[in-house]
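Here is how the chains run, residue by residue.
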Amino acid sequence: MVNLRAKPYYLNDEDIRWVESTIASMTDEEKVGQLFWQLTAGNSEEYLQELMEKYHLGGCRYNGMPGQMVLNQNRILQKYAKVPVFIACNPEQGGNGVCPDGTFVSSQVKIGATGKAEYAQAMGRISGAQIKATGCNMAFAPVVDITYNWECEEVLSRAYGNDPKMVAQMGKAFMDGLHETEGVYCCAKHFPGNGQDYRDAHMSNNVNHFGHDDWMASYGHVYKTLIDNGLDAIMGGHILMPEYMQEIDPDITADTIMPGTLCKEIMTDLLRGELGFNGMVVTDASHMVGMTNRMKRADMLPAAINAGCDMFLFFNDPEEDFATMLNAYKTGIISEERMVEALTRILGLKAAKGMHKKSQEELCGSDEALVAALQNPEFKTVAPAISKDALTLVKYKDEGILPLSPEKTKRIMIVNVKGPDSPMAKLAAIAMGGGAGKKTPVEKFCDLLNEKGFDAFIYESPLDKMMKEVAAGKPFNLNLYFAGKNAIADFTSGMDLVVTFFNVANGHPVFGMSKGGGEIPWYVHEIPVVGISVNKPTMLADAPMLRTYINTYDSNDDTLQALVEALLTGPDAFKGTDPIDSYCGMFDTHM
């Protein structure tokens, strides 16, 4: 049974009566609707009214749009909600996860590099204020996965790092900051814990290999810390735990091992029983292959509820999914006891912050409050401070290179190394405001160095020259490629230092052709080289020969400015500590 007097609810008798009487008065359709979240596909009043009146949704999330549009949408959702609706966003990096005009603060791994929990708390505080101002009420954050595998790109930048104690400290700090704003719920993710498998649960299975004791000492410690300090909700991940399940049942077969969201032993026995979590659980998105590949969707929906998840994230087809869950309830696949338990947690959480007592205006706030929250000047001071404190000098074997100075290394060649040029990468660049007419991070970095008196230039590879000539109508000339193989003295004569500038978001760096040229830093013993990653912090795996290597974690303007100042100041200006093992567990990255 759900204890509504205990954390995270702390309801009084009147609130408990509201929960119980509301459930008792619901139709079957209204009960089933409370189990669902939907990702809205539009913001017209007609569309949103139908969502709420036809499907009786318990929760909504939305695609990115300006804060005023979010607020307008949320007013409509609450207007037509018979029971106040959860409205969530993903503020994993701050208020920009609430709306594009919200305040970016930092990636979580960057905060991990600072070692300062006050930055995590500030991000929670900023996110909470902008969540409430837009009429939202729940954060699908923080990410409290642990980066044990450097190839786990799904959480590499989204998690705080590879130390469970630090992850627990940072996760709690974010939650505390979020809770400084009245009426905002915290939903940590992704239970039972991502970060070990290189595969992405959006596209494949994802495995957590820990048995019970190792899990309790790591992920269990993180979640217990948050639960004991008032965590409202947890997002269940589509994560398999084969070793854990084999400890419970040595005869279990691979075919019967289910991801956490479909596994009662994980979502009920471990989370509710051993960790004592009394709050609400929602699944991760139900289109993810780590969930959909385990059984028919018609079986999957009620299986998630019966495993211990209280809410189900996103319809596939609204009519089909709603009918499936309704039929499962009416036929007893979802029992009355389990339905009432889930609804008690859902409505109990809504009552915990007084949603049931608030008017639409109180739930959503005013236009003036929105502007004040989005334009708060104090909020904008946090990201630059983090950028300075996060800069991490991971490897420094060529001591004396730093600090840089125009007198010592006037002529600097910058080699821009990018990742795979996939369609999704192009789309993401456009969505983040990139594209034609805007300077790239490497161009901005080059400009900043030149402003400091250096003569910096961006390297053009033989492959780039070939493509440029072909584009100009000249015949393909493979000799340009081989022309890159020249005398060492000729190669080094035009420069005093090389910066290998990695801007790789996903996958591995793309160096182009391997013979000749300067793309791959083969020449670390011929000329001083500084490797800098302004994105994915694991570039030493692909360029282990680098003897000086720096992680900045992003390429924002304040980050690049802090980077250049630190390069000119010296090693002591790099205050960050490596949160993930940027040596990637390889012996040769230490060479």
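Residues numbered from 1 in each chain as written. Predicted model: local features only at pLDDT ≥ 70, side-chain atom pairs only at ≥ 80, totals over all residues. Heavy atoms only, no water.

(A) Geometry of the pattern of salt bridges. Tallied over the full model, the rule gives 32 salt bridges. The partner of D554 in a salt bridge is K110, and the shortest N-O contact between them spans 2.7 Å. Taken together, the positions of D554 in the loop between β14 (548-551) and α24 (557-569) and K110 in helix α5 (residues 108-114) put the pair 444 residues apart, joining distant regions of the chain. Its relative accessible area of 11% is what places D554 among the buried residues. (Salt bridge = Lys/Arg side-chain N within 4 Å of Asp/Glu carboxyl O. Helix = DSSP H or I, 4+ residues; strand = E, 2+ residues; numbered from the N terminus. Buried < 20%, exposed > 50% of the residue type's maximum accessible area, 1.4 Å probe, protein only.)

(B) Quick peek at the packing of helix α6 (residues 117-133) against helix α7 (residues 164-178). Where α6 contacts α7, the two axes come as close as 6 Å, and the packing angle between them is 35°. When you trace α6 past α7, the crossing you get is right-handed. Facing A117, A120, Q121, M123, G124, R125, S127, G128 and I131 of α6, the residues of α7 in contact are Q169, M170, A173, F174, D176, G177 and L178. Looking at the contact of α6 with α7 residue by residue, the classes come out as 8 nonpolar, 6 polar and 2 charged. (Axes fitted to C-alpha atoms, helices over the stretch in contact; angles between N-to-C directions. Left-handed = near helix turned anticlockwise from the far one by under 90°. Contact = heavy atoms within 4.5 Å. Nonpolar A, V, L, I, M, F, W, Y, C, P; charged D, E, K, R; others polar.)

(C) Main features of the packing of helix α3 (residues 45-55) against helix α4 (residues 67-79). Where α3 contacts α4, the two axes come as close as 9 Å, and the packing angle between them is 40°. The angle between the axes of α3 and α4 places the two elements in the oblique class. When the axes of α3 and α4 are compared, the crossing they make is right-handed. Where α3 approaches α4, its residues E45, L48 and M52 are matched on the opposing element by Q73, I76, L77 and K79. Of the residues that constitute the contact of α3 with α4, the class distribution is 4 nonpolar, 1 polar and 2 charged. (Parallel < 35°, antiparallel > 145°, perpendicular 65-115°, else oblique.)

(D) Representation of the packing of aromatic side chains within the structure. By the definition in use, this model includes 17 aromatic pairs. The interplanar angle of 85° and the centroid separation of 5.0 Å between the aromatic rings of F191 and Y223 together place this pair among those described as edge-to-face. Residue F191 is located in strand β5 (residues 185-191), and its partner Y223 is located in helix α9 (residues 219-228); the two are separated by 32 residues in the primary sequence. Each member of the pair F191 and Y223 is classed as buried. These aromatic residues form a ring-pair network of at least three members: F36, Y55, F312, F315 and F322. We note K350 situated over the ring of F86; from NZ or CZ to the ring centre the distance is 4.9 Å. Over the aromatic face of Y185 sits the side chain of K353, whose NZ or CZ is 5.4 Å from the ring centroid. (Phe/Tyr/Trp six-rings, centres within 6.5 Å; stacked < 30°, edge-to-face > 60°. Lys NZ or Arg CZ within 6 Å of the ring centre and 35° of its normal.)

(E) How the structure looks around helix α13 (residues 297-307). The buried fraction of α13 is high, at 8 of 11 residues. For α13, the set of buried residues is R297, M300, L301, P302, A303, A304, I305 and A307. One or two steps after α13, the chain reaches G308, where phi turns positive at roughly 130°.

(F) Region of interest: the sheet that holds strand β2 (residues 59-61). If you walk across this open sheet you meet the 8 strands as β7-β6-β5-β4-β3-β2-β1-β8, and the pairing is parallel. Looking at which strands have only one partner, the edges of the open sheet turn out to be β7 (280-283) and β8 (312-313). Here β5 runs beside strand β6 (residues 233-236); their pairing, made up of 4 bridges, is parallel. Within the sheet, the bridge partner assigned to A188 lies in β6 and is I234. (Pairing = 2+ DSSP bridges.)

(G) Seen up close, unusual backbone geometry. The linkage connecting F191 with the following residue, P192, adopts the cis geometry, with an omega of 10°. Residue position: P192 is located in the loop between β5 and α8 (212-217). The step from L402 to P403 runs through a cis peptide bond, and the omega angle for that step is 0°. Within the secondary structure layout, P403 lies in the loop between β9 (392-396) and β10 (411-418). With a phi close to 60°, C584 is a non-glycine residue in the positive phi region. You can call C584 buried: its relative accessible area is 5%.

Bear in mind that shape data such as this cannot, by itself, settle questions of function.
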